[in-house]
Amino acid sequence: MAKSKIAKASTVFGCTLLMGMALFHGSGLHYVNDLMRQSNSKPFLIEIFPVLFAHPSIHLLGLAGLGLLTLFMKHEIKKVLFFTSLLVCIDSLLAFYLGAVIPGVLLVFSTLSLVLGAIKTGK
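A brief report on the enclosed structure follows. Bear in mind the structure is a predicted one, so any value in this text is a computation, not a measurement. (Residues numbered from 1 in each chain as written. Predicted model: local features only at pLDDT ≥ 70, side-chain atom pairs only at ≥ 80, totals over all residues. Heavy atoms only, no water.)

### A short note on the state of the cysteines
Turning to step 1, where the next piece is worked out: Enumeration over the complete set of coordinates arrives at 0 disulfides.
Turning to step 2, where the next piece is worked out: With no disulfide of its own, C15 lies 16 Å from the sulfur of C89, the closest cysteine sulfur.
Turning to step 3, where the next piece is worked out: Using a relative accessible area of 30% as the deciding quantity, one classes C89 as partly exposed. (Disulfide = S-S within 2.5 Å. Buried < 20%, exposed > 50% of the residue type's maximum accessible area, 1.4 Å probe, protein only.)

### Thoughts on the pattern of salt bridges
Turning to step 1, where the next piece is worked out: Counted according to the given criterion, the structure contains 1 salt bridge.
Turning to step 2, where the next piece is worked out: A salt bridge links E76 to K79; the shortest N-O distance between them is 3.2 Å.
Turning to step 3, where the next piece is worked out: Given a relative accessible area of 59%, K79 falls into the exposed group. (Salt bridge = Lys/Arg side-chain N within 4 Å of Asp/Glu carboxyl O.)

### A short note on the layout of surface pockets
Turning to step 1, where the next piece is worked out: Its volume calculated, the largest pocket comes out at about 610 Å³.
Turning to step 2, where the next piece is worked out: Around the largest pocket, the lining is made up of 20 residues, and of these M21, H25, P56, L60 and P103 lie nearest the centre.
Turning to step 3, where the next piece is worked out: Where the lining of the largest pocket is concerned, the elements lending two or more residues are α1 (5–27), α3 (43–69), α4 (77–97) and α5 (101–120).
Turning to step 4, where the next piece is worked out: Sort the elements by how many residues they give to the lining of the largest pocket and α3 lands first, with 5 residues. (1 Å grid on protein atoms, 1.4 Å probe; cavity = no way out; pocket = protein on both sides within 12 Å on 5 of 7 lines; lining within 4 Å. Points joined across faces, edges and corners; volume = space filled by probe spheres on them. Helix = DSSP H or I, 4+ residues; strand = E, 2+ residues; numbered from the N terminus.)

### Concerning the side chain of T121
Turning to step 1, where the next piece is worked out: Inspection of the secondary structure assignment puts T121 in the segment after α5.
Turning to step 2, where the next piece is worked out: Taking relative accessible area as the criterion, T121 reaches 4% and is therefore assigned buried.
Turning to step 3, where the next piece is worked out: One polar contact links the side chain of T121 to the main-chain carbonyl oxygen of G117, over a distance of 2.6 Å. (Polar contact = N/O pair within 3.5 Å; in protein donor to acceptor, adjacent residues only side chain to side chain.)

### Some details on the nonpolar core
Turning to step 1, where the next piece is worked out: Membership of the largest hydrophobic core comes to 14 residues, with the highest contact counts inside it found for L18, L60, L81, V88, L107 and L114.
Turning to step 2, where the next piece is worked out: Among the secondary structure elements, those contributing two or more residues to this core are α1, α3, α4 and α5.
Turning to step 3, where the next piece is worked out: The residues touching V88, leaving out its near neighbours within four places in the chain, are L18, L63, L107, S110, T111 and L114. (Core = buried A, V, L, I, M, F, W, Y, C linked by side-chain atoms within 4.5 Å. Contact = heavy atoms within 4.5 Å.)

### Focus: the environment of V51
Turning to step 1, where the next piece is worked out: Structurally, the position occupied by V51 is in helix α3.
Turning to step 2, where the next piece is worked out: Placed 24 residues apart in sequence, V51 and H75 show a C-alpha to C-alpha distance of 35 Å.

### A short note on the packing of α1 against α5
Turning to step 1, where the next piece is worked out: The N-to-C vectors of α1 and α5 enclose an angle of 155°; their axes lie 8 Å apart at closest approach. The angle between the axes of α1 and α5 places the two elements in the roughly antiparallel class. Handedness of the crossing formed by α1 with α5: left-handed. For the pair formed by α1 and α5, the contact residues are I6, A7, S10, T11, F13, G14, C15, L17, L18 and M21 on the first element and P103, L106, L107, F109, S110, S113, L114, L116, G117 and K120 on the second. (Axes fitted to C-alpha atoms, helices over the stretch in contact; angles between N-to-C directions. Parallel < 35°, antiparallel > 145°, perpendicular 65-115°, else oblique. Left-handed = near helix turned anticlockwise from the far one by under 90°.)

This is how it looks when you write it as structure tokens:
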């Protein structure tokens, strides 16, 4: 399957947004972890919190990697990009549910970019 320049650029843009968000989210780990230690939370929560906080960053990096992988695929590119965009769309809904408007909007832009990439991919 051939990919147009628009499809490649759109896919790279969407994945770049995901990677940027992952790095930005991950950069707050130390700060939020310190706040959690200072809170009166149960020791179990304080112990597992860093892993739970790091998971969304790893998740976003994985989705970005999956999207970038389609640049090197020859078959089923549309299916992979649509599936990836669906997962990012679910993440955006979760972000809005948590009240994170800016991350939600960035995830919507990433979703739309990946969908555009899938649409502009050849037959």
